[in-house]
Amino acid sequence: MGQAEEIRLSASTSPHNVTVSPQKRQRGETLSDEVVKEELDFRLRLQSYKIDWHTKSKSISPWICARYGWICLEKDLLQCVSCKSYLPTYLPSLANFKEYNVRLKRIESGIISSHEQSCFWRSCPCSEQYCTPKVDDKAVVLQEMRNRCELLSRVSDDIRDTNVVGAEALNIKVEIDFLRQNFFPSLDEKLLLLAVTGWTDPNKFPPWSEVVTVTCHYCCREFGLLPFKLSIVTSDDTDCSETNDAASHGLSTHHKGKKDKVLNPAKQHYSWCPWLTKLCFPLPISSDKNDLDELQLYNDNLVEVLPEPRLFPRWQFALVLFVELTKPILKIEMEEQQELEEACRLLLNELATKVEKNLSSC
């Protein structure tokens, strides 16, 4: 049974009453099991787009189509999981620019209009909050980061042997140092870089294989670490025993003059991936979260430092925001800890003085 067929069967046995209704969405009322179901269903639909879809326009990206209930049956053909309508998505060559644009506009409108009039997805796509990485909730950002780190730790040795670009090259050296100092003190920097840029779910099959892949949950891109594996540079007169020793540790060898391929994890996502969506500082204050006052205060301070709006990809936006919102809290906690230690020290000194007086009086 193909993946698309499995998704169709899953949808047919899961009617709309397991999905959050439009009325509940408008009122902000959701049940936890409904939310989880909606997230899982969205990812199932997204996983069906693995047939050269990343070459199509961002305006008809798998992320958009999956939000409106479409799965990819085969190349250039989508089907709604509910009303079973079809949507052809063939695009001519860009050489015929006029025809390409006409066809693209037809597909863009068809994402909505091709559903049956009574179809749920026509007027109520999957909410972005279920299919977009969170950025403005410190607790969620940290927990998801920890989850990705925990999963990636299963292949920590393979990641350590991978030639990953440094934090400086990604302009997040300060943030990475902050995370390692306060939250991930024993974690390898390479693994942390993969986690903060959105990579998770490592797969190594068979277990003794050198082929390790990591996955993004939001664009379903999967790539292998093997092409970026560090090598031992050898010369023509290198002892064979040294080469064999390197191979026994999983490292490949090459001659001088050749360079290892460098992995930039931020550039491995598909171009339409939500992790790459550009977000701007200062933040628009339109949230009802507990961090609202912190966001407002952060914006007020940020305007003094960055008078011009500054764009970040979503993964970097989430990282920078988390660090900047957490720094003041940790500073306060540190000051409180220092005050407590000072109070304890004074109390101990006072007790010691009383003990000395009692002993001397005896």
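Heads up: the structure comes first, above all this text.
Calculation criteria
- Here, residues in each chain are numbered from 1, in the same order as that chain's written sequence.
- Only residues with pLDDT of at least 70 are given local features in this predicted model, and only at 80 or more are side-chain atom pairs given and counted; all residues enter the totals for whole chains, interfaces and linings.
- Think of the side-chain values as coming from all heavy atoms in the structure, minus any hydrogens and water.
- Labels follow the DSSP assignment, with helices taken as runs of H or I lasting at least four residues and strands as runs of E lasting at least two, numbered in each case from the N terminus.
- A helix is expected to span 1.5 Å for every residue after the first.
- Using a 1.4 Å probe on the protein chains alone, a residue whose accessible area is under 20% of its type maximum counts as buried, one over 50% counts as exposed, and one in between counts as partly exposed.
- What the arc describes is the spread of directions from the helix axis to the C-beta atoms.
- By nonpolar core we mean a set of buried residues, namely Ala, Val, Leu, Ile, Met, Phe, Trp, Tyr and Cys, connected to one another through side-chain atoms within 4.5 Å.
- What marks off one domain from the next here is an automatic or database domain assignment.
- Note on contacts: a residue pair is in contact if any heavy atoms of the two residues lie within 4.5 Å.
- Salt bridges are identified by distance alone: a Lys or Arg side-chain nitrogen within 4 Å of an Asp or Glu carboxyl oxygen.
- Stacked, tilted and edge-to-face are the three classes applied to pairs of Phe, Tyr and Trp rings, where Trp contributes its six-membered ring and a pair requires centres within 6.5 Å; stacked means planes under 30 degrees apart, edge-to-face means over 60, and tilted covers the rest.
- Only strands that DSSP links by at least two bridges are regarded as paired with each other.
- Angles run from 0 to 180 degrees between N-to-C directions of axes, and those axes are lines fitted to C-alpha atoms, restricted for helices to the stretch in contact.
- Within 3.5 Å is the distance limit for a polar contact, defined as a pair of N or O atoms, with the added protein rule that one can donate a hydrogen and the other accept it, and that residues adjacent in sequence qualify only through two side-chain atoms.
- When an angle is under 35 degrees it counts as roughly parallel; over 145 it counts as roughly antiparallel; between 65 and 115 it counts as roughly perpendicular; any other value is oblique.
- It is the rotation of the near helix from the far one that decides the hand of a crossing: anticlockwise by less than a right angle makes it left-handed, clockwise makes it right-handed.
- For this classification, the nonpolar set comprises Ala, Val, Leu, Ile, Met, Phe, Trp, Tyr, Cys and Pro, the charged set comprises Asp, Glu, Lys and Arg, and every other residue, Gly included, is treated as polar.

### Observations regarding helix α5 (residues 97-113)
Working step 1: Its 17 residues place the ends of α5 24 Å apart at the C-alpha level, agreeing with the 24 Å of an ideal helix rising 1.5 Å per residue.
Working step 2: Buried within α5 we find Tyr100, Arg103, Leu104, Ile107, Gly110 and Ile111. Down the axis of α5, the smallest arc covering the buried residues is 125°, so these residues share one side. The exposed set on the far side of α5, more than 90 degrees from its buried face, consists of Lys98, Lys105 and Arg106.

### Examining the nonpolar core
Working step 1: Counting 73 residues, the largest nonpolar core has Trp70, Ile172, Leu179 and Phe184 as its most contacted members.
Working step 2: With six residues, the top contributor of residues to this core is helix α10 (residues 189-196).
Working step 3: If you count residues domain by domain, this core takes at least three from each of domain 1 (34-130) and domain 2 (132-230 + 259-322).
Working step 4: Not counting the four nearest positions on each side in its chain, Ile172 is found in contact with Ala167, Leu193, Val196, Trp315, Gln316 and Leu319.
Working step 5: Membership of the second largest hydrophobic core comes to eight residues, among which are Val135, Phe312, Ala318 and Leu321.

### Remarks on the pattern of salt bridges
Working step 1: A full pass over the atoms with the stated rule returns eight salt bridges.
Working step 2: Residue Arg160 is joined to Asp157 by a salt bridge in which the shortest nitrogen-to-oxygen separation is 2.8 Å. Pair noted here: Arg160 and Asp157 are both in helix α8 (residues 156-160), with a separation of three residues, about one helical turn.
Working step 3: Looking at Arg160, the relative accessible area reads 38%, which means it is partly exposed.

### What to know about the packing of aromatic side chains
Working step 1: Following the criterion strictly, the structure yields seven aromatic pairs and no others.
Working step 2: For the pair Phe120 and Trp121, a centre-to-centre distance of 5.4 Å together with 85° between the ring planes defines the contact as edge-to-face.
Working step 3: Looking at Trp121, the relative accessible area reads 5%, which means it is buried.
Working step 4: With a centroid separation of 5.5 Å and an interplanar angle of 55°, the aromatic rings of Phe183 and Phe322 are classed as tilted. Of the two residues, Phe183 is situated in the loop between α9 (173-182) and α10 and Phe322 in helix α13 (residues 314-361); the sequence distance between them amounts to 139 residues.
Working step 5: Taking the relative accessible area as the measure of exposure, Phe322 reaches 3% and is therefore buried.
Working step 6: Taken together, the ring pairs in this structure connect Phe178, Phe183 and Phe322 into an aromatic cluster.

### Details of the pairing of strand β2 (residues 77-80)
Working step 1: The two faces of β2 match: Leu77 and Gln79 on one face and Leu78 and Cys80 on the other face are all buried.
Working step 2: Relative to β2, strand β1 (residues 70-74) is paired through four bridges, and the arrangement is antiparallel. Bridge pairing in β2 links Trp70 to Cys80.
Working step 3: Connecting the antiparallel pair β1 and β2 is a turn made up of two residues, with Asp76 showing a positive phi of about 65°.
Working step 4: As judged from the three bridges shared by β2 and strand β3 (residues 86-88), these two strands associate in the antiparallel manner. Note that in β3 the partner of Leu77 across the bridge is Pro88.
Working step 5: Where β2 hands over to β3, the hairpin turn is made up of five residues, of which Lys84 adopts a positive phi near 65°.

### Examining the sheet that holds strand β6 (residues 222-224)
Two strands in a sheet stick together by hydrogen bonds in their backbones, pointing the same way (parallel) or opposite ways (antiparallel).
Working step 1: Strand order across the open sheet formed by three strands is β4-β5-β6, with antiparallel pairing between neighbours. Both outer strands of the open sheet, β4 (199-204) and β6, are each paired with one neighbouring strand and no more. Between one strand axis and the next, the sheet turns through 30° on average, direction left out of account.
Working step 2: Relative to strand β5 (residues 212-216), β4 is paired through four bridges, and the arrangement is antiparallel. Paired with Lys204 across the bridge in β5 is Val212.
Working step 3: In the packing of helix α7 (residues 138-152) onto the sheet, contacts are made with β4 and β5, and the angle to β4 comes to roughly 15°.

### Brief notes about the side chain of Ser57
Working step 1: Following the sequence through the fold, Ser57 ends up in the loop between α3 (32-47) and α4 (62-67).
Working step 2: Among the polar contacts listed, one links the side chain of Ser57 to the side chain of Ser59, at a separation of 3.0 Å.

### What about the packing of α7 against α10?
Working step 1: Where α7 meets α10, the axes come as close as 9 Å, and the angle between the chain directions of the two elements is 130°. What the angle tells us is that α7 and α10 run oblique. The handedness of the crossing between α7 and α10 is right-handed. On the side of α7, the interface is formed by Met145, Arg148, Cys149 and Leu152, while α10 contributes Leu191, Leu192, Leu194, Ala195 and Val196.
Working step 2: In the contact of α7 with α10, the residues fall into eight nonpolar, no polar and one charged.

### Focus on the sheet that holds β2
Working step 1: Taken in spatial order, the three strands line up as β1-β2-β3 in an open sheet, and their pairing is antiparallel. With partners counted over all chains shown, the strands left at the sheet margins are β1 and β3, one partner each. For this sheet, the mean angle separating the axes of adjacent strands, direction not counted, is 35°.
Working step 2: Lying on the sheet, α5 is in contact with β1 and β3; it crosses β3 at an angle near 160°.

Everything listed is a geometric property; what it means functionally is a separate question.
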